[in-house]
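# Close look at the chain arrangement
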Amino acid sequence: MPTKLNEKKIKCAVFDMDGTLLDTLKTIRYYLNLALEKNGVSTVSEEECKRFVGYGARWLIECALKNSDAYTAPLAEKVFDDYNLLYNADPYYLTEAYEGIYDCLSKLRESGIILAVLSNKPDFALREVTERFFPNTFALARGAVDGVALKPNPESLLAMLNELGFTPEETAYVGDSEPDVEIARNAKVALSISATWGFRTEEQLTAAGAENLIRHPSDMFLKIKDDAS
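Throughout what follows, the structure given in this document is the object of discussion. (Residues numbered from 1 in each chain as written. Predicted model: local features only at pLDDT ≥ 70, side-chain atom pairs only at ≥ 80, totals over all residues. Heavy atoms only, no water.)

## A short note on the nonpolar core
Our working definition: Residue types Ala, Val, Leu, Ile, Met, Phe, Trp, Tyr and Cys, when buried and joined through side-chain atoms within 4.5 Å, form a set referred to as a nonpolar core. The cut-offs for exposure are 20% and 50% of the maximum accessible area for each residue type, with area from a 1.4 Å probe on protein chains only; residues under the lower value are buried, those over the upper are exposed, and the others partly exposed. Here a residue-residue contact requires only that any non-hydrogen atoms of the pair lie within 4.5 Å.
F15, L21, L32, Y83, F134, M220 and I224 are the most contacted members of the largest nonpolar core, which has 55 residues in total. Residue contacts for I224: discarding those within four places in its chain leaves I10, A13, L108, A172, V174, L191 and I193. If you look at the next biggest cluster of nonpolar residues, it comprises 14 residues, including A116, F166, I183 and A184.

Shown next, in the form of structure tokens:
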């Protein structure tokens, strides 16, 4: 019989998507480079793309254009539109779930934890990949929409928790990059967890103020379980 963790401290776990649950770096880079090439701009390497991700598609494109000394506001808008159109056509191309993620999420759900996803990924793409890779897993899945501030602004996370009926004091937040560390701190959640298998190194996460570094999804389940006790 599953243990009732939802009677204890942590009742809800909110996850970042890219770099935390799904390895999407190849996907992001593929569509970014297609959009850049279409507009006559030099492509980016995998390491460059990894540095640019985390703060949303507009930030990604701005960084890529500045990396090639090609940034202008009109060009950024054009590349942004092209990127979204390309990505939306097949948002799970080259994407894979990280090893151990499915088992971790299954154990958390069996333990009574309510799961949700909050991402700076465009909302349409987030919903597509969530349905494809994690059907019937999350109570809510929200991506970037016009008019709502991106992470690390806590507005979206607090609104999600309010809709789910939980407080920050009952919540664990799991991500892999600086905006994830920052939103967890800004929202004052009970437990902030940083995954080291994603888009940032342990050193980068530590410099951002990460408190709980984990190296495998099984560690994530154990950490949330321990904090719920």
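## Let's talk about the state of the cysteines
The criterion, for reference: Two cysteine sulfurs form a disulfide in these notes if their separation is within 2.5 Å.
Under the counting rule described, the total for this entry stands at zero disulfides. Here C63 stays unpaired: no disulfide links it, and the sulfur of C49, its closest cysteine neighbor, is 10 Å away.

## What about the pattern of salt bridges?
A side chain of one charge can pair with a side chain of the opposite charge when the charged atoms of the two come close. To keep things clear, this is the line we draw: Definition used for salt bridges: Asp or Glu carboxyl oxygen within 4 Å of a side-chain nitrogen of Lys or Arg. Numbering of helices and strands starts at the N terminus; helices are DSSP runs of H or I of at least 4 residues and strands are runs of E of at least 2.
Applying the stated criterion to the full structure yields 14 salt bridges. Between D82 and K78 there is a salt bridge, with the nearest N and O atoms lying 2.8 Å from each other. On the criterion of helical spacing, the pair formed by D82 and K78 is a turn pair, its members being four residues apart in helix α4 (residues 73-89). A relative accessible area of 6% means that D82 is categorised as buried. Here K78 falls in the partly exposed class, since its relative accessible area comes to 37%. The partner of E163 in a salt bridge is R142, and the shortest N-O contact between them spans 2.8 Å. Taken together, the residues E163 in helix α7 (residues 155-164) and R142 in strand β5 (residues 140-144) connect sequence positions 21 residues apart. The network of salt bridges with shared partners includes D16, K151 and D180.

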